[in-house]
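What follows is each chain in one-letter form.
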Amino acid sequence: MIATLQSTVIDCPDPAALARFYREILGGEVDDSDQDWVWLTPPTGARFAFQKVYGEYRPPRWPDPDHPQQFHLDFDVPRIEDMAEAQERVLALGATLLHDSGGERSGFRVYADPAGKPFCLCYGQNG
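So, how was this worked out
- Residues numbered from 1 in each chain as written.
- Predicted model: local features only at pLDDT ≥ 70, side-chain atom pairs only at ≥ 80, totals over all residues.
- Heavy atoms only, no water.
- Pairing = 2+ DSSP bridges.
- Helix = DSSP H or I, 4+ residues; strand = E, 2+ residues; numbered from the N terminus.
- Phe/Tyr/Trp six-rings, centres within 6.5 Å; stacked < 30°, edge-to-face > 60°.
- Buried < 20%, exposed > 50% of the residue type's maximum accessible area, 1.4 Å probe, protein only.
- Lys NZ or Arg CZ within 6 Å of the ring centre and 35° of its normal.
- UniProt positions renumbered as here; feature names shortened; annotations may be inferred.
- Salt bridge = Lys/Arg side-chain N within 4 Å of Asp/Glu carboxyl O.

An unreviewed UniProt entry lists the chain under the name VOC family protein, with Streptomyces millisiae given as the organism.

Here it is as C-alpha cells:
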C-alpha cells in the first residue's frame, strides 16, 4: 500500500451549501471556516472536501458522455421500503431525480445534487 484515502474532493460553486446538503444525508460535522475549502466529516469517518470553483462551473449531465459525471457517490438505503422517505428527503434538500433502475428487491436511483453532480441511493444490495 502506498497511501490511504484522505478524502473525496468535490469541485462546486458553493462549498458550504453542498457540504450541508451531504451532511443532511450522512450526518456529521461541517467545517466551513475557509469558504473556498469546506470539510464534512460524517460519523463513519470518511471525509469529504468541497472545493470552490472559480470562473465557469460546468456540471456533469448524466448520462451524457460529452459532459461526464467526473465522479459519483453511492449511498446505501437498507430496503426498498425505505426509499420513499429517503427520496423525499433528498428532493427536499435540493436533489433532482435523474433515473430509477426499477428494481423490485434491489436497485438504485440516480439523483443530481444541487451542484449538478450525480449520486445514487442504492437499496437491497447489502443483504
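Having seen the structure, we can now continue with the description.
Draft legend 1. Quick look at the pairing of strand β4 (residues 47–52). Note: strand β1 (residues 7–12) against β4, six bridges, orientation parallel. Residue pairing across strands places threonine 8 opposite phenylalanine 48, the latter belonging to β4. Pairing analysis gives four bridges linking strand β3 (residues 37–41) to β4, with the strands arranged antiparallel. Residue pairing across strands places tryptophan 39 opposite alanine 49, the latter belonging to β4. Adjacent in sequence and paired antiparallel, β3 and β4 are bridged by five residues, among which glycine 45 carries a positive phi angle near 90°.

Draft legend 2. Expanded view of the packing of aromatic side chains. Scanning the entire structure with this criterion turns up eight aromatic pairs. Centroid distance tyrosine 111 to phenylalanine 119: 5.5 Å. Interplanar angle 20°. Geometry classified as stacked. Take tyrosine 111: its relative accessible area is 0%, and that puts it in the buried class. Overall, phenylalanine 119 belongs to the buried group, its relative accessible area being 0%. Three or more aromatic residues joined by ring pairs make a cluster, and in this case those are Phe21, Tyr22, Phe50, Phe75, Tyr111 and Phe119. We note arginine 47 situated over the ring of tryptophan 39; from NZ or CZ to the ring centre the distance is 3.6 Å. Lying over the aromatic face of tyrosine 54, lysine 52 brings its terminal NZ or CZ to 5.4 Å of the ring centre.

Draft legend 3. Representation of the UniProt feature "domain: VOC" (unreviewed entry) in the chain in the model. Summarizing the sequence annotation, UniProt attributes the feature "domain: VOC" (unreviewed entry) to residues 4–124 in the numbering used throughout. A distance of 29 Å separates the end C-alpha atoms of residues 4–124, which is 18% helix and 35% strand.

Draft legend 4. Representation of the pairing of strand β7 (residues 107–112) within the structure. With respect to burial, β7 is a largely interior element, five of its six residues being buried. With four bridges connecting them, strand β6 (residues 96–100) and β7 associate as antiparallel partners. Paired with histidine 99 across the two strands is valine 110, which belongs to β7. With antiparallel pairing between neighbouring strands as the criterion, β6 and β7 make up a hairpin whose turn holds six residues, including glycine 102 at a positive phi of roughly 80°. Connecting β7 to the antiparallel partner strand β8 (residues 118–123) that follows it, the hairpin turn spans five residues, and glycine 116 within it adopts a positive phi of roughly 90°.

Draft legend 5. Representation of the pattern of salt bridges in the model. All told, the structure shown has four salt bridges when counted by the stated rule. As a salt-bridge pair, aspartate 100 and arginine 109 come within 3.1 Å of each other at their nearest N and O atoms. What makes aspartate 100 partly exposed here is its relative accessible area of 36%. In this structure arginine 109 comes out as buried when scored by relative accessible area, which is 14%.

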